[in-house]
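Close look at the chain arrangement
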Amino acid sequence: MTPTRSLEETLRLRLDERRARGLYRQLKTLAAAPGPQAMVDGRELLTFSSNDYLGLATHPDVIAAQQAGAALGAGATASHLVNGHLHIHRQLQDAIAHVTGREAALVFSSGYMANVGTICALVGRGDNVISDKLNHASLIDGARLCGAASLRFGHSDLDGLQRQLGRAADSGGNTLVAVDGVYSMDGDCAPLAEMAALCRAYGAWLMVDEAHGFGVMGSAQLPSAGSIAAAGLAQGDAPVMMGTLGKAAGNAGAFIAGSKALIDYLVQFARPYIYTTGMPPAVAAGALAAIGVMQREPERRARLRRNIDHFRARAAALDLPLAESASAIQPLLLGCENAVMAVAAELQGRGFLVGAIRPPTVPAGTARLRITLSANHSEAQIDLLLGALAESLDKIRAVAP
Ligand SMILES: Cc1ncc(COP(=O)(O)O)c(C=O)c1O
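It is worth spelling out unusual backbone geometry at this point. Omega for the bond connecting G35 with P36 falls within 30 degrees of zero, at 0°, which places this linkage in the cis form. Following the sequence through the fold, P36 ends up in the loop between α1 (7-20) and β1 (37-40). In the segment running from P359 into P360, the intervening peptide bond is cis, with an omega of 10°. Mapped onto the fold, P360 is located in the loop between β11 (352-357) and β12 (367-372). Its identity is not glycine, yet D41 carries a phi of approximately 45°, on the positive side. D41 gets classed as partly exposed once you look at its relative accessible area, which sits at 48%. Positioned with a positive phi, D319 is a non-glycine residue whose angle comes to about 65°. Its location among the elements puts D319 in the loop between α13 (299-317) and β10 (329-335).

See the structure below:
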(Lines give C-alpha, C1' and ligand atoms only; values in the text may rest on other atoms or scores of the structure.)
Protein backbone atom coordinates (compact mmCIF):
# COMPACT_ATOMS: atom_id res chain seq x y z
CA MET A 1 0.00 0.00 0.00
CA THR A 2 1.33 3.49 -0.83
CA PRO A 3 2.14 5.35 2.39
CA THR A 4 -0.09 8.38 2.91
CA ARG A 5 0.59 11.51 4.91
CA SER A 6 -1.36 12.03 8.11
CA LEU A 7 -4.22 14.52 7.98
CA GLU A 8 -2.36 16.94 10.29
CA GLU A 9 0.82 16.76 8.20
CA THR A 10 -1.16 17.35 4.99
CA LEU A 11 -2.93 20.36 6.43
CA ARG A 12 0.29 21.83 7.77
CA LEU A 13 2.03 21.53 4.40
CA ARG A 14 -0.85 23.14 2.54
CA LEU A 15 -1.12 25.97 5.06
CA ASP A 16 2.64 26.56 4.93
CA GLU A 17 2.45 26.77 1.15
CA ARG A 18 -0.36 29.32 1.35
CA ARG A 19 1.65 31.39 3.84
CA ALA A 20 4.75 31.21 1.63
CA ARG A 21 2.75 32.58 -1.31
CA GLY A 22 1.50 35.54 0.74
CA LEU A 23 -2.09 34.28 0.43
CA TYR A 24 -2.79 33.23 4.03
CA ARG A 25 -6.06 34.73 5.27
CA GLN A 26 -6.79 35.71 8.84
CA LEU A 27 -10.04 36.37 10.65
CA LYS A 28 -10.62 39.72 12.28
CA THR A 29 -12.98 39.77 15.26
CA LEU A 30 -15.40 42.67 15.67
CA ALA A 31 -17.28 43.48 18.86
CA ALA A 32 -20.42 44.42 16.87
CA ALA A 33 -21.52 45.17 13.31
CA PRO A 34 -19.74 48.28 11.99
CA GLY A 35 -21.77 51.40 12.06
CA PRO A 36 -19.30 52.37 10.31
CA GLN A 37 -17.01 52.55 13.37
CA ALA A 38 -16.20 49.19 14.89
CA MET A 39 -14.03 47.63 17.59
CA VAL A 40 -11.78 45.33 15.58
CA ASP A 41 -9.56 43.01 17.59
CA GLY A 42 -9.91 45.40 20.51
CA ARG A 43 -9.17 48.63 18.58
CA GLU A 44 -11.65 51.19 17.23
CA LEU A 45 -11.42 51.48 13.44
CA LEU A 46 -13.40 53.34 10.82
CA THR A 47 -14.54 50.64 8.40
CA PHE A 48 -14.79 50.87 4.62
CA SER A 49 -15.16 47.13 4.13
CA SER A 50 -18.75 46.09 4.86
CA ASN A 51 -21.53 45.50 2.35
CA ASP A 52 -24.04 47.34 4.54
CA TYR A 53 -24.44 49.98 1.83
CA LEU A 54 -27.50 51.67 3.33
CA GLY A 55 -26.52 51.36 6.99
CA LEU A 56 -29.47 49.07 7.76
CA ALA A 57 -27.54 46.53 9.87
CA THR A 58 -27.55 49.07 12.70
CA HIS A 59 -30.87 50.81 11.95
CA PRO A 60 -32.94 50.94 15.18
CA ASP A 61 -36.23 50.01 13.42
CA VAL A 62 -34.61 46.97 11.80
CA ILE A 63 -33.04 45.82 15.07
CA ALA A 64 -36.34 46.32 16.94
CA ALA A 65 -38.24 44.31 14.31
CA GLN A 66 -35.66 41.56 14.50
CA GLN A 67 -35.90 41.45 18.29
CA ALA A 68 -39.70 41.26 18.06
CA GLY A 69 -39.38 38.55 15.38
CA ALA A 70 -37.48 36.36 17.84
CA ALA A 71 -40.75 36.06 19.80
CA LEU A 72 -41.97 33.83 16.93
CA GLY A 73 -39.29 31.30 17.89
CA ALA A 74 -35.51 31.29 18.00
CA GLY A 75 -35.46 28.93 15.03
CA ALA A 76 -37.78 27.71 12.29
CA THR A 77 -37.42 24.16 13.76
CA ALA A 78 -37.60 22.34 10.40
CA SER A 79 -37.12 22.79 6.68
CA HIS A 80 -39.59 25.06 4.88
CA LEU A 81 -41.48 22.11 3.39
CA VAL A 82 -41.89 20.32 6.74
CA ASN A 83 -43.00 22.98 9.26
CA GLY A 84 -40.35 25.69 8.95
CA HIS A 85 -42.34 28.06 6.73
CA LEU A 86 -43.93 30.80 8.82
CA HIS A 87 -46.28 33.63 7.99
CA ILE A 88 -43.33 36.06 8.38
CA HIS A 89 -41.50 34.25 5.54
CA ARG A 90 -44.54 34.71 3.30
CA GLN A 91 -44.73 38.39 4.19
CA LEU A 92 -41.05 38.78 3.37
CA GLN A 93 -41.46 36.97 0.04
CA ASP A 94 -44.46 39.12 -0.88
CA ALA A 95 -42.51 42.30 -0.03
CA ILE A 96 -39.55 41.16 -2.14
CA ALA A 97 -41.82 40.35 -5.10
CA HIS A 98 -43.41 43.79 -4.73
CA VAL A 99 -40.16 45.83 -4.60
CA THR A 100 -38.53 43.84 -7.41
CA GLY A 101 -41.61 44.02 -9.67
CA ARG A 102 -41.82 40.24 -9.99
CA GLU A 103 -44.69 37.82 -9.65
CA ALA A 104 -43.20 35.89 -6.75
CA ALA A 105 -40.10 35.31 -4.62
CA LEU A 106 -38.58 32.53 -2.56
CA VAL A 107 -36.21 33.02 0.39
CA PHE A 108 -33.05 30.97 0.82
CA SER A 109 -30.71 30.81 3.83
CA SER A 110 -27.86 32.41 1.90
CA GLY A 111 -26.94 33.80 -1.49
CA TYR A 112 -24.45 31.00 -1.98
CA MET A 113 -27.23 28.44 -1.53
CA ALA A 114 -29.64 30.38 -3.75
CA ASN A 115 -27.15 30.48 -6.63
CA VAL A 116 -25.99 26.88 -6.38
CA GLY A 117 -29.51 25.57 -5.79
CA THR A 118 -31.09 27.51 -8.60
CA ILE A 119 -28.49 26.70 -11.25
CA CYS A 120 -28.54 23.01 -10.32
CA ALA A 121 -32.36 22.97 -10.42
CA LEU A 122 -32.60 24.71 -13.80
CA VAL A 123 -29.89 22.99 -15.88
CA GLY A 124 -28.11 19.64 -15.84
CA ARG A 125 -26.53 17.04 -18.07
CA GLY A 126 -27.21 17.80 -21.74
CA ASP A 127 -27.70 21.54 -21.03
CA ASN A 128 -25.32 24.52 -21.03
CA VAL A 129 -24.43 27.16 -18.50
CA ILE A 130 -22.55 30.24 -19.72
CA SER A 131 -20.75 32.42 -17.18
CA ASP A 132 -18.76 35.66 -17.11
CA LYS A 133 -15.24 34.80 -16.01
CA LEU A 134 -15.45 37.22 -13.05
CA ASN A 135 -18.69 35.73 -11.70
CA HIS A 136 -19.00 35.28 -7.96
CA ALA A 137 -17.74 31.96 -6.55
CA SER A 138 -21.30 30.79 -5.81
CA LEU A 139 -22.30 31.11 -9.50
CA ILE A 140 -19.08 29.37 -10.52
CA ASP A 141 -19.71 26.54 -8.06
CA GLY A 142 -23.32 26.17 -9.27
CA ALA A 143 -22.05 25.91 -12.85
CA ARG A 144 -19.51 23.27 -11.79
CA LEU A 145 -21.97 21.20 -9.78
CA CYS A 146 -24.98 21.21 -12.08
CA GLY A 147 -23.57 18.76 -14.63
CA ALA A 148 -24.29 20.99 -17.65
CA ALA A 149 -21.52 21.93 -20.10
CA SER A 150 -19.83 24.97 -18.55
CA LEU A 151 -18.82 27.74 -20.99
CA ARG A 152 -17.15 31.01 -20.00
CA PHE A 153 -16.59 34.37 -21.67
CA GLY A 154 -14.24 37.27 -20.91
CA HIS A 155 -15.47 39.85 -18.43
CA SER A 156 -18.52 41.65 -19.91
CA ASP A 157 -17.33 40.68 -23.41
CA LEU A 158 -20.50 40.63 -25.53
CA ASP A 159 -18.74 39.07 -28.56
CA GLY A 160 -17.43 36.34 -26.27
CA LEU A 161 -20.93 35.77 -24.91
CA GLN A 162 -22.34 35.56 -28.42
CA ARG A 163 -19.68 33.01 -29.42
CA GLN A 164 -20.56 30.84 -26.43
CA LEU A 165 -24.28 31.18 -27.14
CA GLY A 166 -23.56 29.93 -30.67
CA ARG A 167 -21.59 26.95 -29.34
CA ALA A 168 -24.33 26.14 -26.87
CA ALA A 169 -26.99 26.33 -29.59
CA ASP A 170 -24.95 23.91 -31.73
CA SER A 171 -24.63 21.40 -28.92
CA GLY A 172 -28.36 21.47 -28.05
CA GLY A 173 -30.10 21.44 -24.65
CA ASN A 174 -31.27 24.42 -22.62
CA THR A 175 -28.89 27.30 -21.96
CA LEU A 176 -28.65 29.40 -18.82
CA VAL A 177 -26.52 32.57 -18.90
CA ALA A 178 -25.49 33.54 -15.35
CA VAL A 179 -23.86 36.89 -14.51
CA ASP A 180 -23.38 39.26 -11.59
CA GLY A 181 -25.41 42.45 -12.10
CA VAL A 182 -22.76 44.39 -10.14
CA TYR A 183 -19.40 42.65 -9.84
CA SER A 184 -18.51 42.05 -6.20
CA MET A 185 -14.76 42.68 -6.46
CA ASP A 186 -14.79 45.23 -9.33
CA GLY A 187 -17.94 47.24 -8.71
CA ASP A 188 -18.79 47.57 -12.41
CA CYS A 189 -22.20 46.68 -13.85
CA ALA A 190 -22.83 43.98 -16.44
CA PRO A 191 -24.12 45.27 -19.82
CA LEU A 192 -27.49 43.69 -19.05
CA ALA A 193 -29.57 45.27 -21.83
CA GLU A 194 -27.23 43.88 -24.52
CA MET A 195 -26.93 40.54 -22.73
CA ALA A 196 -30.71 40.21 -22.49
CA ALA A 197 -31.03 40.94 -26.21
CA LEU A 198 -28.46 38.22 -27.02
CA CYS A 199 -30.19 35.74 -24.72
CA ARG A 200 -33.50 36.51 -26.40
CA ALA A 201 -31.98 35.97 -29.88
CA TYR A 202 -30.54 32.59 -28.88
CA GLY A 203 -33.44 31.44 -26.68
CA ALA A 204 -31.19 31.37 -23.57
CA TRP A 205 -32.35 32.11 -20.02
CA LEU A 206 -30.69 35.04 -18.25
CA MET A 207 -29.97 34.76 -14.52
CA VAL A 208 -28.67 37.87 -12.74
CA ASP A 209 -27.09 37.92 -9.30
CA GLU A 210 -28.23 41.18 -7.67
CA ALA A 211 -26.21 40.71 -4.45
CA HIS A 212 -24.73 44.21 -4.89
CA GLY A 213 -27.54 45.81 -6.89
CA PHE A 214 -30.63 45.04 -4.80
CA GLY A 215 -31.52 47.94 -2.50
CA VAL A 216 -29.09 50.47 -3.93
CA MET A 217 -30.14 50.96 -7.55
CA GLY A 218 -33.17 50.56 -9.77
CA SER A 219 -35.59 52.42 -12.00
CA ALA A 220 -37.95 55.32 -11.29
CA GLN A 221 -40.81 52.85 -10.62
CA LEU A 222 -38.70 50.26 -8.78
CA PRO A 223 -35.92 52.35 -7.17
CA SER A 224 -34.43 49.54 -5.07
CA ALA A 225 -35.01 46.56 -7.39
CA GLY A 226 -31.39 46.40 -8.60
CA SER A 227 -29.34 46.52 -11.77
CA ILE A 228 -31.90 44.72 -13.95
CA ALA A 229 -34.43 47.48 -13.35
CA ALA A 230 -31.67 50.13 -13.67
CA ALA A 231 -30.94 48.72 -17.15
CA GLY A 232 -34.61 49.17 -18.09
CA LEU A 233 -35.31 45.43 -18.06
CA ALA A 234 -38.11 43.42 -16.51
CA GLN A 235 -38.96 39.83 -15.56
CA GLY A 236 -39.41 38.77 -19.18
CA ASP A 237 -35.86 39.92 -20.07
CA ALA A 238 -33.99 38.48 -17.09
CA PRO A 239 -36.34 35.81 -15.79
CA VAL A 240 -34.13 34.58 -12.93
CA MET A 241 -33.21 37.26 -10.40
CA MET A 242 -31.20 36.41 -7.32
CA GLY A 243 -30.74 38.94 -4.52
CA THR A 244 -29.16 38.80 -1.10
CA LEU A 245 -30.44 40.13 2.21
CA GLY A 246 -26.99 40.26 3.81
CA LYS A 247 -25.75 43.34 1.96
CA ALA A 248 -27.92 46.45 1.36
CA ALA A 249 -30.65 44.89 3.54
CA GLY A 250 -28.05 44.61 6.33
CA ASN A 251 -29.23 41.17 7.40
CA ALA A 252 -28.74 37.57 6.14
CA GLY A 253 -30.29 35.21 3.63
CA ALA A 254 -31.21 35.63 0.00
CA PHE A 255 -33.99 35.23 -2.52
CA ILE A 256 -34.88 34.26 -6.04
CA ALA A 257 -37.55 36.42 -7.65
CA GLY A 258 -39.36 35.65 -10.89
CA SER A 259 -42.49 34.09 -12.29
CA LYS A 260 -44.88 32.06 -10.14
CA ALA A 261 -43.88 28.99 -12.16
CA LEU A 262 -40.18 29.58 -11.43
CA ILE A 263 -40.83 29.84 -7.69
CA ASP A 264 -43.13 26.78 -7.69
CA TYR A 265 -40.46 24.87 -9.57
CA LEU A 266 -37.66 25.83 -7.15
CA VAL A 267 -39.75 24.73 -4.16
CA GLN A 268 -39.91 21.31 -5.83
CA PHE A 269 -36.36 21.02 -7.19
CA ALA A 270 -33.86 23.37 -5.47
CA ARG A 271 -32.09 21.03 -3.05
CA PRO A 272 -30.42 23.78 -0.93
CA TYR A 273 -33.93 25.17 -0.36
CA ILE A 274 -35.54 21.82 0.39
CA TYR A 275 -32.90 20.13 2.55
CA THR A 276 -32.07 22.80 5.08
CA THR A 277 -33.72 24.38 8.12
CA GLY A 278 -35.91 27.38 7.31
CA MET A 279 -34.62 30.94 7.76
CA PRO A 280 -34.90 31.96 11.48
CA PRO A 281 -38.10 34.01 11.93
CA ALA A 282 -36.17 36.91 13.50
CA VAL A 283 -34.02 37.18 10.35
CA ALA A 284 -37.15 37.24 8.18
CA ALA A 285 -38.69 39.94 10.41
CA GLY A 286 -35.50 42.04 10.33
CA ALA A 287 -35.13 41.70 6.56
CA LEU A 288 -38.79 42.64 6.08
CA ALA A 289 -38.26 45.77 8.19
CA ALA A 290 -35.09 46.59 6.21
CA ILE A 291 -37.04 46.44 2.95
CA GLY A 292 -39.60 48.79 4.52
CA VAL A 293 -36.82 51.28 5.40
CA MET A 294 -35.42 51.03 1.84
CA GLN A 295 -38.80 52.22 0.57
CA ARG A 296 -39.49 54.81 3.28
CA GLU A 297 -36.04 56.41 3.35
CA PRO A 298 -34.93 57.00 -0.25
CA GLU A 299 -32.52 59.62 1.11
CA ARG A 300 -30.24 56.71 2.13
CA ARG A 301 -29.73 55.82 -1.54
CA ALA A 302 -29.20 59.50 -2.36
CA ARG A 303 -26.59 59.81 0.43
CA LEU A 304 -24.79 56.72 -0.82
CA ARG A 305 -24.77 58.20 -4.36
CA ARG A 306 -23.29 61.47 -3.04
CA ASN A 307 -20.64 59.55 -1.08
CA ILE A 308 -19.64 57.55 -4.17
CA ASP A 309 -19.34 60.75 -6.25
CA HIS A 310 -17.39 62.50 -3.50
CA PHE A 311 -15.01 59.55 -3.07
CA ARG A 312 -14.34 59.30 -6.81
CA ALA A 313 -13.78 63.02 -7.30
CA ARG A 314 -11.37 63.26 -4.35
CA ALA A 315 -9.56 60.02 -5.26
CA ALA A 316 -9.09 61.23 -8.84
CA ALA A 317 -7.68 64.52 -7.55
CA LEU A 318 -5.18 62.52 -5.47
CA ASP A 319 -4.29 60.45 -8.55
CA LEU A 320 -5.21 57.17 -6.87
CA PRO A 321 -5.49 54.09 -9.15
CA LEU A 322 -9.31 54.03 -9.33
CA ALA A 323 -11.22 51.38 -11.27
CA GLU A 324 -14.20 52.15 -13.54
CA SER A 325 -16.92 51.68 -10.94
CA ALA A 326 -19.99 53.78 -10.31
CA SER A 327 -21.20 51.54 -7.48
CA ALA A 328 -20.54 51.45 -3.74
CA ILE A 329 -17.66 49.04 -4.42
CA GLN A 330 -14.53 51.07 -5.23
CA PRO A 331 -11.51 48.84 -5.84
CA LEU A 332 -7.97 50.19 -5.93
CA LEU A 333 -5.96 47.81 -8.06
CA LEU A 334 -2.40 47.38 -6.81
CA GLY A 335 -1.62 44.06 -8.53
CA CYS A 336 0.83 42.55 -6.09
CA GLU A 337 -0.41 40.69 -3.01
CA ASN A 338 2.38 41.96 -0.77
CA ALA A 339 1.68 45.60 -1.67
CA VAL A 340 -2.03 45.14 -0.93
CA MET A 341 -1.29 43.57 2.44
CA ALA A 342 1.26 46.26 3.30
CA VAL A 343 -1.10 49.15 2.42
CA ALA A 344 -4.02 47.51 4.28
CA ALA A 345 -1.79 47.04 7.37
CA GLU A 346 -0.57 50.65 7.15
CA LEU A 347 -4.19 51.85 6.91
CA GLN A 348 -5.19 49.71 9.88
CA GLY A 349 -2.36 51.27 11.86
CA ARG A 350 -3.88 54.67 11.02
CA GLY A 351 -7.36 53.57 12.15
CA PHE A 352 -9.05 52.36 8.93
CA LEU A 353 -10.29 48.93 7.89
CA VAL A 354 -10.54 48.17 4.16
CA GLY A 355 -10.80 44.82 2.38
CA ALA A 356 -7.49 43.37 1.13
CA ILE A 357 -8.47 41.08 -1.73
CA ARG A 358 -6.05 38.55 -3.18
CA PRO A 359 -6.19 35.44 -5.38
CA PRO A 360 -8.02 33.09 -5.49
CA THR A 361 -10.86 35.57 -4.87
CA VAL A 362 -9.55 37.66 -7.80
CA PRO A 363 -7.30 36.59 -10.72
CA ALA A 364 -3.52 36.42 -10.15
CA GLY A 365 -1.84 39.81 -10.57
CA THR A 366 -5.00 41.78 -9.74
CA ALA A 367 -4.81 41.99 -5.94
CA ARG A 368 -6.63 45.06 -4.73
CA LEU A 369 -8.00 47.08 -1.88
CA ARG A 370 -11.77 46.75 -1.90
CA ILE A 371 -13.15 49.97 -0.46
CA THR A 372 -16.89 49.99 0.13
CA LEU A 373 -18.99 53.03 0.83
CA SER A 374 -22.15 53.34 2.87
CA ALA A 375 -24.88 55.93 3.30
CA ASN A 376 -23.67 56.11 6.92
CA HIS A 377 -20.22 57.47 6.01
CA SER A 378 -19.79 61.22 6.27
CA GLU A 379 -17.81 63.16 3.65
CA ALA A 380 -15.32 64.05 6.40
CA GLN A 381 -14.74 60.34 7.10
CA ILE A 382 -14.20 59.67 3.39
CA ASP A 383 -11.67 62.52 3.24
CA LEU A 384 -9.84 61.09 6.24
CA LEU A 385 -9.62 57.68 4.53
CA LEU A 386 -8.38 59.17 1.27
CA GLY A 387 -5.71 61.23 3.04
CA ALA A 388 -4.49 58.14 4.91
CA LEU A 389 -4.63 56.10 1.71
CA ALA A 390 -2.49 58.54 -0.27
CA GLU A 391 0.09 58.68 2.53
CA SER A 392 0.12 54.88 2.95
CA LEU A 393 0.60 54.31 -0.78
CA ASP A 394 3.49 56.83 -0.84
CA LYS A 395 5.10 55.15 2.14
CA ILE A 396 4.85 51.64 0.66
CA ARG A 397 6.10 52.84 -2.76
CA ALA A 398 9.08 54.54 -1.08
CA VAL A 399 10.04 51.21 0.56
CA ALA A 400 9.35 48.99 -2.50
CA PRO A 401 9.01 51.23 -5.56
C1 LIG B 1 -22.12 38.56 -6.11
C2 LIG B 1 -22.40 37.71 -4.91
N3 LIG B 1 -23.22 36.66 -5.03
C4 LIG B 1 -23.51 35.87 -3.98
C5 LIG B 1 -22.98 36.10 -2.75
C6 LIG B 1 -23.31 35.17 -1.64
O7 LIG B 1 -24.27 35.72 -0.80
P8 LIG B 1 -24.38 35.27 0.72
O9 LIG B 1 -23.32 36.03 1.47
O10 LIG B 1 -25.75 35.61 1.12
O11 LIG B 1 -24.12 33.78 0.75
C12 LIG B 1 -22.12 37.20 -2.56
C13 LIG B 1 -21.51 37.58 -1.28
O14 LIG B 1 -21.19 36.93 -0.40
C15 LIG B 1 -21.81 38.01 -3.67
O16 LIG B 1 -20.97 39.04 -3.55
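The next subject is the packing of aromatic side chains. Counted according to the given criterion, the structure contains three aromatic pairs. Residues F214 and F255 carry aromatic rings whose centres are separated by 5.0 Å and whose planes lie at 75° to one another, so their mutual orientation is edge-to-face. Here F255 lies in strand β9 (residues 254-258) and F214 lies in the loop between β7 (205-209) and α9 (227-230), a separation of 41 residues in the sequence. Note on accessibility: F214 and F255 belong to one class, buried. Note that R19 overlies the ring of Y24, its terminal NZ or CZ placed 4.2 Å from the centroid.

Here we come to the domain arrangement of the protein. One frequent convention defines the size of an interface as the accessible area lost when the parts assemble. Annotation of the protein at the domain level lists domain 1 (22-51 + 298-399) and domain 2 (60-296). Listed by partner, the interface residues are 18 residues for domain 1 and 20 residues for domain 2. Regarding the contact of domain 1 and domain 2, the summed buried area is about 1300 Å², with carbon and sulfur atoms giving 57% of it. Considering only the surface of domain 1 that becomes buried against domain 2, N51, R301 and I329 emerge as the three largest contributors, covering 42% of it. There are one salt bridge connecting domain 1 and domain 2. Here D186 makes a salt bridge to R368, at a shortest N to O gap of 3.0 Å. Of all the secondary-structure elements, those providing two or more residues to the side of domain 1 that touches domain 2 are α13, β10 and β12. Considered class by class, the residues forming the side of domain 1 that touches domain 2 number eight nonpolar, four polar and six charged.

Turning to the packing of helix α14 (residues 337-349) against helix α15 (residues 379-399), a few remarks are in order. It is at 9 Å that the axes of α14 and α15 come closest, and there the two elements cross at 130°. Here α14 lies oblique to α15, going by the angle between them. Note that α14 runs across α15; the crossing there is right-handed. Counting all contacts with α14, which are made through A342, V343, E346 and L347, the residues of α15 involved are L385, A388, L389, S392, L393, K395 and I396.

Let us now look at the nonpolar core. Counting residues in hydrophobic clusters, the biggest one holds 80 residues, and the most contacted among them are V179 and L245. The element that contributes the greatest number of residues to this core is helix α12 (residues 281-296), accounting for eight residues. Shared between two domains, this core takes at least three residues from each, and those domains are domain 1 (22-51 + 298-399) and domain 2 (60-296). Discounting chain neighbours no more than four positions away, the residues touching V179 are D132, N135, L139, F153, A190, L192, M195, L206, M207, V208 and D209. In this structure, L106, A121, V240 and I256 belong to the second largest nonpolar core, which totals 27 residues.

Below, the discussion takes up the sheet that holds strand β5 (residues 149-153). Taken in spatial order, the seven strands line up as β3-β9-β8-β7-β6-β4-β5 in an open sheet, and their pairing is mixed. If you trace the sheet from one side to the other, it starts and ends with β3 (104-108) and β5, each paired once. Averaged over neighbouring strand pairs, the angle between their axes works out to 20° when direction is ignored. Two strands pair when backbone bridges link them, and strand β6 (residues 175-180) and β7 are joined in this way by five bridges, in the parallel orientation. Bridge pairing links V177 to L206 in β7.

Once that is clear, we can look at the pairing of β12. By the criterion of burial, β12 is predominantly enclosed, with six of the six residues buried. Here β12 shows no split at all, with A367, L369 and I371 on one side and R368, R370 and T372 on the other all buried. As judged from the six bridges shared by β10 and β12, these two strands associate in the antiparallel manner. Residue pairing for β12: Q330 is matched across the bridge by I371. Pairing of β11 with β12, which is carried by three bridges, proceeds in the antiparallel orientation. If you follow G355 over to β12, its bridge partner there is R370.

As a further point, take the sheet that holds β12. One open sheet holds the five strands; their spatial order is β1-β2-β11-β12-β10, and the pairing between them is mixed. Strand pairing shows two members of the sheet lacking a second neighbour, β1 and β10, which therefore form its edges. The average undirected angle you get between the axes of adjacent strands in this sheet is 40°.

What counts and how
Residues numbered from 1 in each chain as written. Predicted model: local features only at pLDDT ≥ 70, side-chain atom pairs only at ≥ 80, totals over all residues. Heavy atoms only, no water. Helix = DSSP H or I, 4+ residues; strand = E, 2+ residues; numbered from the N terminus. Buried < 20%, exposed > 50% of the residue type's maximum accessible area, 1.4 Å probe, protein only. Phe/Tyr/Trp six-rings, centres within 6.5 Å; stacked < 30°, edge-to-face > 60°. Lys NZ or Arg CZ within 6 Å of the ring centre and 35° of its normal. Domains from an automatic or database assignment. Contact = heavy atoms within 4.5 Å. Buried area = accessible area lost by both parts, 1.4 Å probe. Salt bridge = Lys/Arg side-chain N within 4 Å of Asp/Glu carboxyl O. Nonpolar A, V, L, I, M, F, W, Y, C, P; charged D, E, K, R; others polar. Axes fitted to C-alpha atoms, helices over the stretch in contact; angles between N-to-C directions. Parallel < 35°, antiparallel > 145°, perpendicular 65-115°, else oblique. Left-handed = near helix turned anticlockwise from the far one by under 90°. Core = buried A, V, L, I, M, F, W, Y, C linked by side-chain atoms within 4.5 Å. Pairing = 2+ DSSP bridges.

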